[in-house]
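# A closer look at the structure
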There are 4 protein chains.
Amino acid sequence: MKHRFRAVVAGATGYSGRDLIRMLLRHPDLELVGTFASSSGDAVKLTEIHPQLTGYTDLDCRPFNEEAVKGLKPDLIFLATPNEFSHEIVPKMIETGAVVVDLSGSFRLRDARLYEQYYGFEHTSPGLLERAIYGLTEFVADELPGAKLIANPGCYPTSILIPMNPLMRAGIIDESQPVICDSKSGVTGAGKTANSTTHFVEVSESFRAYNVFKHRHTPEIAQGLGLENRTDNLIFTPHLLPINRGILSTIYIRLTGGVRRTDLLDCWRESFKSSKFVRIFDGSQLPEIKFTANTPFCDIGCTVDEATGQAIIVSSIDNLLKGAASQALQNANLALGVDEGAGII
Amino acid sequence: MKHRFRAVVAGATGYSGRDLIRMLLRHPDLELVGTFASSSGDAVKLTEIHPQLTGYTDLDCRPFNEEAVKGLKPDLIFLATPNEFSHEIVPKMIETGAVVVDLSGSFRLRDARLYEQYYGFEHTSPGLLERAIYGLTEFVADELPGAKLIANPGCYPTSILIPMNPLMRAGIIDESQPVICDSKSGVTGAGKTANSTTHFVEVSESFRAYNVFKHRHTPEIAQGLGLENRTDNLIFTPHLLPINRGILSTIYIRLTGGVRRTDLLDCWRESFKSSKFVRIFDGSQLPEIKFTANTPFCDIGCTVDEATGQAIIVSSIDNLLKGAASQALQNANLALGVDEGAGII
Amino acid sequence: MKHRFRAVVAGATGYSGRDLIRMLLRHPDLELVGTFASSSGDAVKLTEIHPQLTGYTDLDCRPFNEEAVKGLKPDLIFLATPNEFSHEIVPKMIETGAVVVDLSGSFRLRDARLYEQYYGFEHTSPGLLERAIYGLTEFVADELPGAKLIANPGCYPTSILIPMNPLMRAGIIDESQPVICDSKSGVTGAGKTANSTTHFVEVSESFRAYNVFKHRHTPEIAQGLGLENRTDNLIFTPHLLPINRGILSTIYIRLTGGVRRTDLLDCWRESFKSSKFVRIFDGSQLPEIKFTANTPFCDIGCTVDEATGQAIIVSSIDNLLKGAASQALQNANLALGVDEGAGII
Amino acid sequence: MKHRFRAVVAGATGYSGRDLIRMLLRHPDLELVGTFASSSGDAVKLTEIHPQLTGYTDLDCRPFNEEAVKGLKPDLIFLATPNEFSHEIVPKMIETGAVVVDLSGSFRLRDARLYEQYYGFEHTSPGLLERAIYGLTEFVADELPGAKLIANPGCYPTSILIPMNPLMRAGIIDESQPVICDSKSGVTGAGKTANSTTHFVEVSESFRAYNVFKHRHTPEIAQGLGLENRTDNLIFTPHLLPINRGILSTIYIRLTGGVRRTDLLDCWRESFKSSKFVRIFDGSQLPEIKFTANTPFCDIGCTVDEATGQAIIVSSIDNLLKGAASQALQNANLALGVDEGAGII
């Protein structure tokens, strides 16, 4: 029988955890050997928390416990846990020798000082910040084999960095104008916590901007774009859509003289020629959330007003999949040396 | 200048309270002189709680305080407060001499013993239960002038009793088959409390039955239909719709021999000939939630299979208006002797 | 290399066709060799019609043409086509020798005379009606191997017959009261045709009953329940939910004396002991649409008022999967002798 | 009895027409004397087209006919009709001597040449384009009394021009960066026509940009901002939200040196000091669609990054009210010399 790597999921009660578990349960090369909640309490059947999983698994979800995790001898540990929780537990999980994929924001920023401002806690593992691989899979596929700590990117940054990174590197963006990212996300992005901002009546038939100029994904996007020191050159505005899942980002840039739409498309084609999960819209249609919802893809497209050099980039992902769980699995697959798409497609 | 009655709203923070306030602010005969929250805390502008009301009022919403209410010398007190709160405060409010309209369930059931089973508390004012008028306006218009305590009906019961009461009284329902009420409500019916059952992601793109065989509106419907002692003859199943506001009830009855659709329509026409807020659908179209949402109407219609005597009654209301705030105002208007539709249409 | 059966999908432009194609593209034992539209026009890329499929396939979708289908030498033909289209084309497709799975309603009713009343056309292949297997997989698994024509059940009937068939056969239903099926479906059930009943604004924030007493799934349900000659004993009322996909049916029955909830659960456990795609809810939770949406399961549960013998059965399916595409694939898998769940789970 | 002006609505079958009629039916100074459809066919009861209006009116909706309109001797004619229809009929309606308020786009642009490019027809009444008042009420209140032709603004332009006009005039916008308007609208903005872009399943749980760089509201916004000749300085991107009604615009501008948030708020307070229907959000909360939906208000707010001079303006309106019907009524009220808010609040 085929050898299968042993995988553990901590943070199994949330939406990302659930979707990750669903993929792991049909993964040909990984075996899900245990799931944990970041909260305390009794062990319960996973299917009590997520009735959707009935028929797929009989596993329990236990309160997180280091020894219990170690006892499972995992090859792979996914942490879909709150920021503070991951911050504390990652150093201990690394000691197990397993590959650790952290879906929280706690190991994404190289500059430890930003954590106090944006996350509200002082980062105590700056050494790990340096070692962690920022797992925007399409750009670090070479670094992933053998990686031990992977900081899985945020959902909004994924939607913005995938189309923008190749363009930034190509030097075709006129820096006299900031990169303006107007992003819209479904409510699963706000997590499972019930409060007035996730109450159905407050969200349905409405739409709003939030955390304007201060969302914690801003420094992550800046870092990804190489604009850490040019924060006047990046504006990121998240909005809340009355849908369950999906992000669409509308990105406004000015191109340097003479650059045309076909140049952007060529740049993307070259960058993503071996990428399974980036789809380039090169016809008249632009990405829409319904095309990526419940899929592991990032769709990208653009419109260019060649007279003025203004370009509008539109990208879309499922925030729980390419923005969390399926990207985590892409990263894990490559770290372990199995097919990038295993369990995903 | 025209004399205007002085009105107070307690429970101003909820959805029913908000909609009631909005109507009071344009009422020609009533003046809103104060609003209160059932919770403690500081006074805040109503418009901080309900930004929708900006431009209509500068009133504060204060924590509830008996003396403060009395100090306002109200002619009319609306309680859009939790059941336990109304239960405790109604006796004191009645002492003020004001007309009290209670939107909670605490004074709706004549049989005090049912409160323990369905509401979880022992009722301590059985005398008031006898005196309270159950304010299903269309059937008690004669009793309302001069009334001092009005128990405003529940939303589901309103949707069911308006079409069913005339049919029950007409004796055209075959009792060998129970009255089966399959009702569906929007999420405002669950109130403003944020929990897993009102979380956007748990409601959107889903649908479910809840409190099957044990919803507290069951005894209220039974009382209204005169089936208190025939509970085997009533089935009520509430469901949660992924919409903000509105109820649709599909009611299954068997008619006695020879009764035809036209008999039902005639019965309704006679019963509601002087009702402003009941609309009878006598063509091929049946009521739909979108026709009553944001309106004070109860729409009723029916389809009859004359071969078998099976009839399906369909009714619709806005749960926050005819199911709460606008019916409360109909009741208050009639109690005070002003036009039934004032402030409503 | 593994032998794979050659599959063709006609009616590839609709929602059921799309979901079926998505499953076929990852099926280990079937190869999708061609797709067709029931409408005329030019061949176009499938991904132009369904951008969701980008990255999965490069197939064209061609206007339907008998010779073109035959030229593909299919082992299996799925018809996700309109009723009249299937009615005409099934006899010709059967001649190819391929297994034909028809997702339309045209071969579901054994009594040819009902087609004129419910479908508006005279059925010209009564012989095929007799030979067709009504593919409610869980009840005909033994008959499927080697079957040549499978009439795939309707979505509403699937949600009703799966829980009800075992109870009908067990003889525990009191026939003095009709079986009342109050069903609610998402909008994909209405198909892709744009009209006032599928317009976003007419559906969103609303809810309505439709085709009361005359929906064409009524005779199909009656046939499945063995009530063809007792139509006074079945009431079926479909409603339109403001969601994309999913059906929930609330079914009201009276049990014969002494029958308890545990008897219903036992009856189901026995009936579905070898069924992969029926999940029995035997705890306090009832099925909800979100548990089955995007899954191939039928969830069933019940609440019984043992004092009165009244039972409420609640079932849920995804109308495009267990109500169409995944059930079609279950049927095809069994007909061809491969694993029932292949390509589905 | 009070004198009431006689009003007619053409284009009564659409969503704007319906909402306008609802307001007219409770207007103290206007009497709705007739309604017309822009399509041909038989006269039908308005309540057949809009069951929501049942109980408010018994009027017929007749196919449009010039003589029939004239026969009603109207003081006021609202045209909520398609662009081409208004273009043709406005000159004739003006001859009646009535005040004409055209809700279409056909008389909004001063430059007749733009009609061919953006609306697809050659404008044949350039003289009327010059005479028409562009009815963004808050800025033309002085010009409206006695006006004979009012071009009611588009929904998107209303949401953008109300907050932006005062800022443009104040000269506090740094023109080195374009004004970027990222706007999002509910589906009523797309009208009542059923097609794939308004199909529930194509809209729900999705989100998309459309008409990028070429929406016909672009020249209208440019004209309003005084940027007709600086089209490189304006970017407008409309998006479709899965909601019924409401627009939210997120507008990105760079401020000239030293300008602060308080300057923007002061500028708005001065500009709108006598405006009934503009609400300035000067606290920490920004406008959201739910605050303006079903209201006649335009809500405006802003956030400024004072370090970089980047400002984000957020505005919201109900596209059918302030973006169409209630603004039309504001304009009509002022043209006829009655209270601006009559029938609206």
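What this report covers is the structure whose coordinates are included nearby. For clarity, every value in this text was computed on a predicted model and none was experimentally measured.

As a further point, take the packing of aromatic side chains. Inspection of every chain in the model, using the stated rule, returns 44 aromatic pairs over all chains. Measuring from centroid to centroid gives 5.1 Å for Tyr156 of chain C and Phe236 of chain C, while their planes differ by 65°, and the two rings are edge-to-face. Remark: Phe236 of chain C occurs in strand S11 (residues 234–240) and Tyr156 of chain C occurs in helix H8 (residues 155–170); sequence separation between them is 80 residues. Accessibility expressed as a relative area gives 2% for Tyr156 of chain C, which makes it buried. For Phe236 of chain C, a relative accessible area of 2% gives the class buried. When the ring of Phe139 of chain D is compared with that of Phe272 of chain D, the centres are 5.8 Å apart and the planes differ by 65°; the resulting orientation is edge-to-face. One end of the pair, Phe139 of chain D, is in helix H7 (residues 137–140); the other, Phe272 of chain D, is in the loop between helix H11 (261–271) and strand S13 (278–281), with 133 residues separating them in the sequence. Phe272 of chain D matches Phe139 of chain D in its accessibility class, with the two residues each being buried. Grouped by ring-pair contacts, the aromatic residues Phe36, Phe64 and Phe85 of chain A constitute a single cluster. The ring of Phe297 of chain C carries the charged tip of Arg279 of chain C above its face, separated from the ring centre by 4.0 Å.

It is worth spelling out the relation of the copies chain D and chain A at this point. Taken as rigid bodies, chain D and chain A are interconverted by a rotation of 180° and an axial shift of 0.0 Å, the fit giving an RMSD of 0.0 Å. The transformation relating the two chain copies, once decomposed into turn and shift, fits a two-fold axis. In terms of C-alpha distance to the rotation axis, chain D has Gln177 of chain D as its closest residue, with the C-alpha 3.2 Å off the axis. A share of 100% of the interface residues of chain D reappears at the interface of chain A, consistent with the copies meeting face to face through the same patch.

Moving on, we come to unusual backbone geometry. Residue and element names in this part refer to chain B. In the Ramachandran plot, Lys73 falls in the positive-phi region, its phi being about 50° despite a non-glycine side chain. By secondary structure assignment, the location of Lys73 is in the loop between helix H3 (66–71) and strand S5 (76–79). In this structure, Glu205 takes a positive phi of about 55° despite not being glycine. Looking at the element boundaries, Glu205 is found in the loop between helix H9 (200–203) and strand S10 (208–209).

It is worth spelling out helix H8 (residues 155–170) of chain D at this point. Taking 1.5 Å of rise per residue, 16 residues should cover 22 Å, and H8 of chain D covers 24 Å from first to last C-alpha, within 8% of that figure. Looking at the residues trailing H8 of chain D, positive phi occurs at Gly171 of chain D, about 65°.

In this section: the sheet that holds strand S2 (residues 30–37) of chain A. By way of backbone hydrogen bonds, the strands of a sheet pair with one another, either parallel or antiparallel. All names here are of chain A. The strand order across the open sheet built from 8 strands is S3-S4-S2-S1-S5-S6-S8-S7, with neighbouring strands paired in mixed fashion. Looking at strand neighbours, the two that pair on one side only are strand S3 (44–45) and strand S7 (133–134), the edges of this open sheet. As paired strands, S2 and strand S4 (residues 60–63) are joined by 3 bridges and run parallel to one another. Residue Thr35 lies in a different strand from S4, and its bridge partner there is Cys61. Along the sheet, helix H4 (residues 83–94) makes contact with strand S5 (76–79), strand S6 (99–102) and strand S8 (149–151), crossing S6 at roughly 170°.

In this assembly, 37 residues from chain D lie in contact with 37 residues from chain A. A buried area of about 3400 Å², summed over both sides, lies between chain D and chain A, and 64% of it is on carbon and sulfur atoms. On the chain D side of the contact with chain A, Glu205, Phe207 and Phe213 of chain D bury the most area, a combined 18% of that side's loss. For the interface between chain D and chain A, the tally reads 4 salt bridges. A salt bridge links Lys290 of chain A to Glu202 of chain D; the shortest N-O distance between them is 3.0 Å. At the junction of chain D and chain A, the tally comes to 18 residue pairs in polar contact (both at pLDDT 80 or more). Of all the secondary structure elements, the ones that give two or more residues to the side of chain D that touches chain A are strand S9 (179–185), strand S11 (234–240), strand S12 (247–254), helix H12 (289–292), strand S14 (298–305) and strand S15 (310–317) of chain D.

The transformation that overlays chain B on chain D combines an axial shift of 0.0 Å with a rotation of 180°, and the residual RMSD is 0.0 Å. Both copies contact each other with a shared surface, as 100% of the interface residues of chain B are interface residues in chain D too.

Turning our attention to the state of the cysteines. All names here are of chain A. Summed over the entire model, instances satisfying the criterion amount to 0 disulfides over all chains. Free cysteine Cys302: the closest other cysteine sulfur is in Cys267, separated by 10 Å. On the basis of relative accessible area, Cys302 is assigned to the buried category, the value being 2%.

Time to look at the sheet that holds strand S3 (residues 44–45) of chain D. All names here are of chain D. Here we have 8 strands laid out as an open sheet, ordered S3-S4-S2-S1-S5-S6-S8-S7, and mixed in their pairing. Two strands bound the open sheet, and with one partner strand each, they are S3 and strand S7 (133–134). Sheet strands touched by helix H1 (residues 15–24): strand S1 (5–10), strand S2 (30–37) and strand S5 (76–79). Its angle to S2, the strand with the most contacts, is close to 155°. Contacting S5, strand S6 (99–102) and strand S8 (149–151), helix H4 (residues 83–94) runs over the sheet at an angle of about 170° to S6.

Our focus in this paragraph is the interface of chain B and chain D. Tallying the contact residues gives 19 residues for chain B and 19 residues for chain D. Carbon and sulfur atoms make up 57% of the surface buried where chain B meets chain D, a total of about 1600 Å² over both sides. Scanning the region where chain B abuts chain D turns up 0 salt bridges. On the surface where chain B and chain D come into contact, there are 6 residue pairs in polar contact (both at pLDDT 80 or more). A breakdown of the residues in the side of chain B that touches chain D according to their chemical character gives 7 nonpolar, 7 polar and 5 charged.

Residue and element names in this part refer to chain A. Of all 9 residues in helix H10 (residues 217–225), 8 are buried, a share of seventy percent or more. Taken as a whole, H10 has its buried residues at His217, Thr218, Pro219, Glu220, Ile221, Ala222, Gln223 and Leu225. Buried-residue contacts for H10 involve helix H5 (114–119), S7, helix H8 (155–170), strand S9 (179–185) and strand S11 (234–240). Of the residues one or two after H10, Gly226 is the one with positive phi, at around 70°.

To continue, consider the pattern of salt bridges. Going through the model one piece at a time under the given rule, you end up with 84 salt bridges over all chains. A salt bridge links Asp60 of chain C to Lys45 of chain C, with the shortest nitrogen-to-oxygen separation between them at 3.7 Å. Residue Asp60 of chain C is found in strand S4 (residues 60–63), and its partner Lys45 of chain C is found in strand S3 (residues 44–45); the two are separated by 15 residues along the sequence. On the accessibility criterion, Asp60 of chain C (36% relative accessible area) is partly exposed. By relative accessible area, Lys45 of chain C is classed as partly exposed at 35%. Arg113 of chain D is the partner of Asp111 of chain D in a salt bridge, and the nearest nitrogen-oxygen pair spans 2.9 Å. Through salt bridges with shared partners, a single network forms among Arg18, Asp19, Arg245 and Asp318 of chain A.

Parameters and conventions
Residues numbered from 1 in each chain as written. Chains lettered and ligands numbered in written order. Predicted model: local features only at pLDDT ≥ 70, side-chain atom pairs only at ≥ 80, totals over all residues. Heavy atoms only, no water. Phe/Tyr/Trp six-rings, centres within 6.5 Å; stacked < 30°, edge-to-face > 60°. Helix = DSSP H or I, 4+ residues; strand = E, 2+ residues; numbered from the N terminus. Buried < 20%, exposed > 50% of the residue type's maximum accessible area, 1.4 Å probe, protein only. Lys NZ or Arg CZ within 6 Å of the ring centre and 35° of its normal. Least-squares fit on C-alpha atoms with pLDDT ≥ 70 in both. Contact = heavy atoms within 4.5 Å. Expected span 1.5 Å × (residues − 1). Pairing = 2+ DSSP bridges. Axes fitted to C-alpha atoms, helices over the stretch in contact; angles between N-to-C directions. Buried area = accessible area lost by both parts, 1.4 Å probe. Salt bridge = Lys/Arg side-chain N within 4 Å of Asp/Glu carboxyl O. Polar contact = N/O pair within 3.5 Å; in protein donor to acceptor, adjacent residues only side chain to side chain. Disulfide = S-S within 2.5 Å. Nonpolar A, V, L, I, M, F, W, Y, C, P; charged D, E, K, R; others polar.

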